[in-house]
Amino acid sequence: MKKIVTKFGGSSLANAAQFAKVKEIILLDPARRYVVPSAPGKRFDGDDKVTDLLYRCHRQAMEGESIAETFGKIRARYQEIVDELKLTVDITPELDEVEAQIAAGATADYCASRGEYLNGILLANYLGWRFLDAAKGICFDEEGRFDADKTNTIMSALLCDDMPAVVPGFYGAKPNREIHTFSRGGSDITGAIVARAVKADMYENWTDVSGFLMADPRVVEAPREIASITYSELRELSYMGASVLHADAMFPVQRAGIPTNIRNTNNPNHPGTMIAVHQPHDESHPTITGIAGRKGFSTINVEKAMMNSELGFGRKVLQVIEEEGLSFEHMPTGIDTLCVVVESKELQPKRDEIVRRIVELTGADTISIHENLSVIATVGRGMVNNCGTAARLFSAMSRAGINVRMIDQGSSELSIIVGVDDDDFETTIRAIYREFVG
Ligand code: ASP
């Protein structure tokens, strides 16, 4: 029988009315048998997310302040859902226990995780399904690193009876049973883990937007929606700043070959964005799939005559960068020049030391640092075997009067990356979008 894992984000479960929409969606397809809920999110602009309130309670408890008022808000959120939906579960003892634990100095991770835990209990009761505490199946090691293989073995066993289940997102436990959370937005990861464990046919991620857009709507007016995208394309776009799905939520499903469908709880008839390992050829799919970028990079430019024939030159430069604890983003090279792109905020405090050490180790003729670089990725599986894409992109930039400071095309041919002045960031994205999309 077909299996779908559905994950619902915080805004999808923010109040009783949203719970009702979620139930309707779940019941519409009998294959939707595993649900991963987030904690209740914002109901309106300016509202609090329950997770934020829980972190606030934790801070207050740590500072010896009373948590009564903040916890009162949390209590009211859950109680209102119970009352409005006329749920049969008595959530008061659970709430009392959580409040007592927080007041007694429970860890930040424990506090934050209760948002999903309590919401999971309510949703399971509302659906009449079993509740499976994620602490039983999502495993971290002693240092808090996620243990994918152990988790998959345990989760598969826990869910092997094919009975529908609600598994709260965002947290799991260390071997000593201490609660540990993923980073913010981590319920997406739990959903992907459950999808892998039950060998789902599909991972549906229900949120409050109808999928990904081809560009940031704050930069491009009303950008087109992305109907289909591959995991590799999405990885390039999210790395560059596009967000909807937690970046770590791709690995479990991509590895298992399970597609992810981003859907909108408030517009359930919209097909959303389909993410898959491979996408079938589609004439209507544009040459580019999306554009994303980030400001705030610097380039370290190293020059040395005859560099290209000197063995180990690049290694020495990267050795300094590594030993100074920086990660580099790109490294375009010329014949006698090498350029390393790093984040400005990481470089700033170590700048002089890095320059000094590179000169010392490599005997470089000159080193210069240029700041205020934006890196923009134009991503598209359609670019492979499609000659002229780069020419179109650079012509569009040139017509818009933009000076290209760096070019990098990965060997995957999935993306063309350009570096421009921070001041040209928006103009560049708009120029590329106009050229390929209109
Ligand atoms: N509730 C957590 C957060 O706000 C996790 C999630 O919603 O995915 O980050």
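Above this text is the structure in question.
No experiment lies behind these values; they were computed from the predicted model shown. (Residues numbered from 1 in each chain as written. Predicted model: local features only at pLDDT ≥ 70, side-chain atom pairs only at ≥ 80, totals over all residues. Heavy atoms only, no water.)

Draft legend 1. The arrangement of the site of the ligand in detail. Near the ligand you find S38, T51, E116, F170, R184, G185, G186 and S187, and these make up its full shell. Between the ligand and the protein, one listed contact pairs an oxygen atom with a side-chain N or O atom of S38 at 3.1 Å. Here T51 contributes a side-chain N or O atom positioned 2.8 Å from a nitrogen atom of the ligand. Classifying every residue of the shell around the ligand by side-chain character gives one nonpolar, five polar and two charged. (Near = heavy atom within 4 Å. Polar contact = N/O pair within 3.5 Å; in protein donor to acceptor, adjacent residues only side chain to side chain. Nonpolar A, V, L, I, M, F, W, Y, C, P; charged D, E, K, R; others polar.)

Draft legend 2. Focus on the packing of aromatic side chains. Summed over all chains, the structure comprises six aromatic pairs. Ring geometry for F140 against F146: centres 6.0 Å apart, planes inclined by 65°, an arrangement best described as edge-to-face. Three or more aromatic residues link up through ring pairs in this structure, and these residues are F140, F146 and F182. Here K23 stacks its cationic end above the ring of Y126, 4.3 Å away from the centre of that ring. For R114, the ring lying beneath its charged end belongs to Y117, and the centroid distance is 4.2 Å. (Phe/Tyr/Trp six-rings, centres within 6.5 Å; stacked < 30°, edge-to-face > 60°. Lys NZ or Arg CZ within 6 Å of the ring centre and 35° of its normal.)

Draft legend 3. Structural view of the nonpolar core. The biggest cluster of nonpolar side chains holds 104 residues, and the ones touching the most others in it are V5, I102 and L123. At ten residues, helix α5 (residues 108–127) tops the list of elements feeding residues into this core. If we ignore the near neighbours within four places in the chain, the residues touching L123 are L13, F19, V22, V35, P37 and V166. One finds V302, F313, V340 and V342 within the second-largest nonpolar core, a separate group that totals 17 residues. (Core = buried A, V, L, I, M, F, W, Y, C linked by side-chain atoms within 4.5 Å. Buried < 20%, exposed > 50% of the residue type's maximum accessible area, 1.4 Å probe, protein only. Helix = DSSP H or I, 4+ residues; strand = E, 2+ residues; numbered from the N terminus. Contact = heavy atoms within 4.5 Å.)

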